[in-house]
Structure formats: C-alpha cells, structure tokens
Amino acid sequence: MLEELVVAAVAAGSAGALYVASAARVVKQYERGVVLRLGRLRDEIRPPGFTMIVPGIDRLRKVNMQIVTMPVPAQEGITRDNVTVRVDAVVYFKVVDPAEAVIQVEDYRFAVSQMAQTSLRSIIGKSDLDDLLSNREKLNQGLELMLDSPAIGWGVHIDRVEIKDVSLPETMKRSMSRQAEAERERRARVINADAELLASKKLAEAAATMSEQPSALQLRLLQTIVAVAAEKNSTLVLPFPVELLRFLERSAQQGPPAAAAPPAPQPAPPPPEPVAPAPESVPLDPSPASDAALPPGFPQSLRADDEAPDTGEPPERGSGRMPPGPV
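Cut-off values and rules
Residues numbered from 1 in each chain as written. Predicted model: local features only at pLDDT ≥ 70, side-chain atom pairs only at ≥ 80, totals over all residues. Heavy atoms only, no water. Helix = DSSP H or I, 4+ residues; strand = E, 2+ residues; numbered from the N terminus. Expected span 1.5 Å × (residues − 1). Buried < 20%, exposed > 50% of the residue type's maximum accessible area, 1.4 Å probe, protein only. Arc of directions from axis to C-beta. Pairing = 2+ DSSP bridges. Axes fitted to C-alpha atoms, helices over the stretch in contact; angles between N-to-C directions. Patch = residues over 30% accessible without salt bridge, like charges linked within 9 Å, V, L, I, M, F, W, Y side chains within 5 Å. Areas by Shrake-Rupley, 256 points an atom, 1.4 Å probe, with all protein chains shown as cover. Salt bridge = Lys/Arg side-chain N within 4 Å of Asp/Glu carboxyl O. Contact = heavy atoms within 4.5 Å. pLDDT = per-residue confidence, 0-100. Core = buried A, V, L, I, M, F, W, Y, C linked by side-chain atoms within 4.5 Å.

> Please provide a residue-by-residue account of helix H5 (residues 136–151), values included.
For H5, spanning 16 residues, the distance from its first C-alpha to its last is 22 Å, which sits close to the expected 22 Å at 1.5 Å a residue. Buried within H5 we find Leu139, Asn140, Leu143, Leu147, Asp148 and Ala151. On an axial view of H5, the arc spanned by its buried residues comes to 160 degrees, and they lie on one face. Residues of H5 that are exposed and angled more than 90 degrees away from the buried face: Lys138, Gln141, Leu145 and Ser149.

> I'd love a proper account of the sheet that holds strand S2 (residues 31–37), names of residues and values included.
The strands making up a sheet are joined through hydrogen bonds of the backbone, oriented either antiparallel or parallel. With antiparallel pairing, three strands are arranged side by side in an open sheet as S3-S2-S5. Two strands close off the open sheet at either side, each with one partner strand: strand S3 (40–46) and strand S5 (58–64). The sheet shows a mean angle of 30 degrees between the axes of neighbouring strands, direction not considered.

> Residue-level account of a nonpolar patch on the surface, with values.
On the surface, Tyr19, Val20, Val26, Phe50 and Met52 cluster together into a nonpolar patch covering about 480 Å² of accessible area. Mapped onto the nonpolar patch, the elements with two or more residues apiece are helix H1 (2–23) and strand S4 (49–52). Since its relative accessible area comes to 33%, Met52 is described here as partly exposed.

> Talk me through the sheet that holds strand S8 (residues 156–167); I want residue IDs and the actual numbers.
With respect to topology, three strands assemble into an open sheet ordered S6-S7-S8, the strand pairing being antiparallel. Looking at which strands have only one partner, the edges of the open sheet turn out to be strand S6 (68–78) and S8. With strand direction ignored, the average angle separating the axes of adjacent strands in the sheet is 25 degrees. Relative to strand S7 (residues 84–95), S6 runs antiparallel, the two being bridged by nine bridges. When the bridges of S7 are listed, Val68 appears paired with Phe93. Together, S6, S7 and S8 form the strand contacts of helix H3 (residues 108–126), whose direction differs from that of S6 by roughly 35 degrees. With respect to the sheet, H5 is in contact with S7 and S8, its orientation differing from that of S8 by roughly 140 degrees.

> For the packing of helix H6 (residues 170–212) against helix H7 (residues 214–230), give the residues involved together with the corresponding values.
Packing of H6 against H7 leaves a shortest axis separation of 4 Å and a crossing angle of 115 degrees. Residues Met210, Ser211 and Glu212 of H6 form the contact with H7, whose participating residues are Pro214, Ala216, Leu217 and Arg220.

> Quick one: what's the story with the confidence of the model for the protein chain, residue by residue and with numbers?
Atomic detail in the predicted coordinates should be set aside for any region of low pLDDT. Put simply, the protein chain has an average pLDDT of 78, and 74% of its residues get 70 or more. Here helix H9 (residues 288–293) stands out as the element of the protein chain with the lowest mean pLDDT, 46, in contrast to S7, whose mean of 91 is the highest. Note on residues 301–308: pLDDT under 50 across the span, and 15 contacts to partners over four residues away in sequence or across chains.

> If you had to explain the nonpolar core to someone new, which residues and values would you point to?
Note that soluble globular proteins tend to have their nonpolar side chains buried in a common cluster. Core analysis: the largest hydrophobic core is formed by 35 residues, its most contacted members being Val85, Val91, Phe93, Tyr108, Val156 and Ile158. At the level of elements, S6, S7, helix H2 (98–103), H3, helix H4 (129–134), H5 and S8 are the ones that each hand at least two residues to this core. Ranked by residue count, the leading element in this core is H3, at seven residues.

> Can you break down unusual backbone geometry residue by residue, with the values?
Even without glycine at this site, Leu38 takes up a positive phi of about 55 degrees. Along the chain, Leu38 falls in the loop between S2 and S3. Relative accessible area serves as the criterion here: at 68%, Leu38 is assigned to the exposed category. The backbone of Asn82 sits at a positive phi, close to 60 degrees, despite the residue not being glycine. In this structure, Asn82 sits in the loop between S6 and S7.

Spelled out as structure tokens, the structure:
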C-alpha cells in the first residue's frame, strides 16, 4: 500500500513537473507576450519575466519592441525633370502595440519593407534632381509621413527615414562637373575683376599723392632699383625720365613743322594738232562739170593728164599724175 502511494506521488510529481515545464514561458526585457487562447486574443499583454500559459490551449507570441533598422533596396525611377536616378534608403521603426502588430498584419516587417519601397518610388517621381541632391531633409520628412500613416494601424511607429545614396548616370555626372567648373571659373573672374578695380583705385590715389610731390616719384624709383638689386641676378635697370616721354608725346601731338611751299607747276604743253586724213583720188574730168566737182585749190595742170589710160605702172616724173596720198 505504501509503495503504491509512493508510486502515485512520484507520478503526480512528474506530471506536475511536466505541466509546469510545458506551461512556463520566459519573456525577455525587450519583448512583450501576446496570448491567444483557443485562437482568441487575450487582453492581458505578458510583461517581461516568467509567465505561465495553459498548455495545449494557450499560444504565446513574443513581439520584439526594439527599434528595427531595415534597409530599403535601391529603387530606380525618373524625377520630375526627366532624369533617371537610383535611390536607396534606410528605415528605422519599432512596435508600439504588440497586439495590433500580431492581429492586424501577417508580417509587419515585410509590410513595412514593401511600403517603404513604394513610397520611395513616389518621392522620386515627385521631386527634382536638385531636391534629391541638396534638400534631403525635406524629402526624408515627406517619406516618413508617407510610411507612418498606414503603419499606425499595424501598431508600428516609423522613427525616421534616411535617403542613403543617389546614383546618377555617367553623362549626368560629367554635365554636373562641367557646370560646377564653369561656376567656379565665373566666381574666380568676378573676384579678379573686383581685385583689379580695388587696385586701380588705390593706384589712382597713390598717383594723385605723388603728383603733389614730384620727389616722391623719384624716391619710389630708387626703392624699385634697390629691390631689384637685392636679388642675385644680372638684371640691368636703366631709369628713364617720365618727363622726356611726356615731352615726346606732346611733340607728337603738335605734329611736324610746316615744310617749304612747293614750286608752282609749269603749264603743260598744248597737245599736237590732229593731221587731216588724205583725200581720196578723184577722177579728173576736163569737162566743166568735172572741174566744178574738184575741190578748190587743186592744181589745174593735173586736169589734162587724167585722160591718159591707166596702165597700172607708176607715173613718170613730170607726167602730171600724182600718186594717191597726202598733198
């Protein structure tokens, strides 16, 4: 009888130990326990430490309450000014309501990750390239608001969102580098121009001061000679008086002295008179009509000889016929 009691006590103790072992749970400091009894949510959230559940009836789900760092995969999109970029970000969030995180969404980590990717694409399409490069704080705040609105219903709080990197095409990088170089060159030219303007004003003041005291210019010349001679070189300095240059300049402005008046030009000789053309040979006719046709002044001795036949031979001397030609 005693042995049976001992065996029963040992069996009961073993069963109790087994029950306690199966019902005992330990919740860590950064976790909270959500109990589902027969599939229904219990209102009590198990705090950190040792806790008990009913084996086979209750089911305990532990929810991490730490801040989770989740990288967002790089998303490629087109900005509002038609530039293709590739942007990646990181999201910091934590669970503020364990029951909502278990009941409202199947996997809150996956849900936050997908929501972050879609929100990042939307931000890229609504922003310009200059905003992505220089105004990231504003974009981070807008992205955080877009993620936090649906995450509140999941029992998740978005702590912050940061855009990590913006990748640009190589052609865009070269264009931006040329733009930056041109901007730097413009600033350098403006600075040089301002320096030249200031130096010219100071030189004008110095010139006005030296013009009042002519000896100051001579002293300045001597100082320049001393400065050049201090260096070990073979430079030969030859001072040239400025007054001589001014004298030469005034002489050049007055012009050369007036030269002697040139002699009066001689009148050109008159052109030679034109020679009248030779008269054509006119047949001589002893008749009165032919005599009237002859020009005045024609020799009368030649009229009687024109009746001789033309043999084609040159006339003899004294024949009375003259060859055609000028008289």
